[in-house]
Amino acid sequence: MTVYDTDVLSEKLIDVVIRVAVGFKIKNFRLKTTSSFFESVVSRAIGNSSRYVVRTSNNQLYCNICGKGPYTRKGMYLHLLRMHKYEIKNIIREELRELESA
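Residues numbered from 1 in each chain as written. Predicted model: local features only at pLDDT ≥ 70, side-chain atom pairs only at ≥ 80, totals over all residues. Heavy atoms only, no water.

## Here's the deal with helix α2 (residues 36–53)
- Counted at 1.5 Å a residue, the expected span for α2 with its 18 residues is 26 Å, and the 26 Å between its end C-alpha atoms agrees.
- The complete set of buried residues in α2 reads Val41, Val42, Ala45, Ile46, Gly47, Ser49, Ser50 and Val53. (Helix = DSSP H or I, 4+ residues; strand = E, 2+ residues; numbered from the N terminus. Expected span 1.5 Å × (residues − 1). Buried < 20%, exposed > 50% of the residue type's maximum accessible area, 1.4 Å probe, protein only.)

## Here we look at helix α4 (residues 85–101)
- With 17 residues, α4 ought to run about 24 Å at 1.5 Å a step, and its terminal C-alpha atoms sit 25 Å apart, in line with that.
- If you check which residues of α4 are buried, you get Ile88, Lys89, Ile91, Ile92, Arg93, Glu95, Leu96 and Leu99.

## With respect to the side chain of His84
- Among the secondary structure elements, His84 is positioned in the loop between α3 (73–83) and α4.
- Sequence-distant contacts of His84, that is, excluding residues within four places in its chain, are made with Cys63, Ile65, Cys66 and His79. (Contact = heavy atoms within 4.5 Å.)

## Examining the packing of α2 against α4
- At a minimum axis separation of 9 Å, α2 and α4 run at an interaxial angle of 135°. One finds that α2 runs oblique with respect to α4. The chirality of how α2 crosses α4 is right-handed. Contacts from Val41, Val42, Arg44, Ala45, Asn48, Ser49, Tyr52 and Val53 of α2 reach α4 at Ile88, Ile91, Ile92, Glu95, Leu96, Leu99 and Glu100. (Axes fitted to C-alpha atoms, helices over the stretch in contact; angles between N-to-C directions. Parallel < 35°, antiparallel > 145°, perpendicular 65-115°, else oblique. Left-handed = near helix turned anticlockwise from the far one by under 90°.)

## Things to note about the environment of Arg51
- Turning to its location among the elements, Arg51 is positioned in helix α2.
- For Arg51, a relative accessible area of 57% puts it in the exposed group.
- Between the C-alpha atoms of Arg51 and Ile14, which are 37 residues apart in sequence, the distance is 13 Å.
- A distance of 2.7 Å separates polar atoms of two side chains, one belonging to Arg51 and the other to Asn48. (Polar contact = N/O pair within 3.5 Å; in protein donor to acceptor, adjacent residues only side chain to side chain.)

## What about the confidence of the model for the chain?
- Averaged over every residue, the pLDDT of the chain is 89; residues scoring 70 or more account for 92%.
- Within the chain, α3 carries the highest mean pLDDT (97), whereas helix α1 (residues 3–22) carries the lowest (87). (pLDDT = per-residue confidence, 0-100.)

## As for the pattern of salt bridges
- Across all of its chains, the model carries 5 salt bridges by this definition.
- For Arg93, the salt bridge goes to Asp7, with nearest N and O atoms at 3.0 Å. With Arg93 in helix α4 and Asp7 in helix α1, the pair connects residues that are 86 residues apart, well separated along the chain.
- For Asp7, a relative accessible area of 27% gives the class partly exposed.
- Between Glu11 and Lys89 there is a salt bridge; the shortest N-O distance is 3.0 Å. Of this pair, Glu11 sits in helix α1 while Lys89 sits in helix α4, and the two are 78 residues apart along the sequence.
- Assessed through its relative accessible area of 11%, Lys89 is described here as buried. (Salt bridge = Lys/Arg side-chain N within 4 Å of Asp/Glu carboxyl O.)

Set out below in structure tokens:
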């Protein structure tokens, strides 16, 4: 996968990662690819990235990027989308590169 492909894919996965991180259901998300290895890499990148951006303490959500919180699930979703969209994109991109090279 080239740098351009990783950049485009990470842009498309931002919302998915944020939704997984806050515990929302993912609607109509399917990878349309023929490679099961590629699907596996993307699924692991989503999981790893989503665990990195949110931390829980005493059943409350805190932003693991800036430390703010506590948030409700909706509040955390909006915070991450509005404030950390590009940081999350970079996290996803690095995760994809790391998993691809492993």
